[in-house]
Amino acid sequence: MKHLPIVTAPLSGRDFARNIARQTDCRWEAYNLSRFQCNFIEEIADETIRVPQVVTGLVRPAVLVETWDSGRLITNAFTGGSGSAARVGDVRDGDGDDDVDLAAAAAVMDQAGTYNTAADDGGPAVSAKMRRQLANRLFDTSLKMFLRDDFVHADLHAGNIMFSTRPSKVPGSKNDVV
């Protein structure tokens, strides 16, 4: 046993308590949102992405007020309602397990370039082209956070990501998904 290295926690109790306190202090959340906005200033300027604005005069340790931007939950772009998602799930590869035949599933999803189902939010169906644009945008944004900025939104889930098909107001922009 004397040859085993000493294992230590990466944070002391004091460091852990400080980090937890920051997680529950909305002023830190406001600061982090501002930092995120600075990191994505070019994308915000060309309306590739939109980020809520903090209403700074109302920020308190237990209160964070942000602007609201309408949009559709990202899950509605990729899951749809009960139509195509169920059909895709029923396309099996025939080897006895539950694997989906990806080529057949893609064919079902790409019929006429459209995911043929109304979205769960009652919005229009999302085309295969738009799903690819959204997936690319999510991938690029994630890589920028991880690799370029070394600053990651730690609560990145589908409820925090919305999309819009509103055309960009930036002249000459080809963004049709934000």
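Below: a short report on this structure. (Residues numbered from 1 in each chain as written. Predicted model: local features only at pLDDT ≥ 70, side-chain atom pairs only at ≥ 80, totals over all residues. Heavy atoms only, no water.)

Taking 1.5 Å of rise per residue, the 22 residues of helix H7 (residues 128-149) would be expected to cover 32 Å, and the 30 Å separating its terminal C-alpha atoms lies within 8% of that figure. Along H7, the positions that sit buried rather than exposed are Ala128, Met130, Arg131, Leu134, Thr141, Ser142, Met145 and Asp149. A positive phi of about 50° marks Asp150, the residue just after H7. (Helix = DSSP H or I, 4+ residues; strand = E, 2+ residues; numbered from the N terminus. Expected span 1.5 Å × (residues − 1). Buried < 20%, exposed > 50% of the residue type's maximum accessible area, 1.4 Å probe, protein only.)

On to the nonpolar core. Within the largest apolar cluster, ten residues are counted, these being Ala30, Leu33, Phe36, Phe40, Ile49, Val51, Val54, Val59, Met145 and Phe151. Broken down by element, the residue count for this core peaks at three residues, all from helix H2 (residues 26-39). Leaving out residues up to four positions away in the same chain, Val51 has contacts with Leu33, Phe36, Gln37 and Ile44. Counting seven residues, the second largest nonpolar core, distinct from the first, contains Ala77, Val126, Met130 and Ile161. (Core = buried A, V, L, I, M, F, W, Y, C linked by side-chain atoms within 4.5 Å. Contact = heavy atoms within 4.5 Å.)

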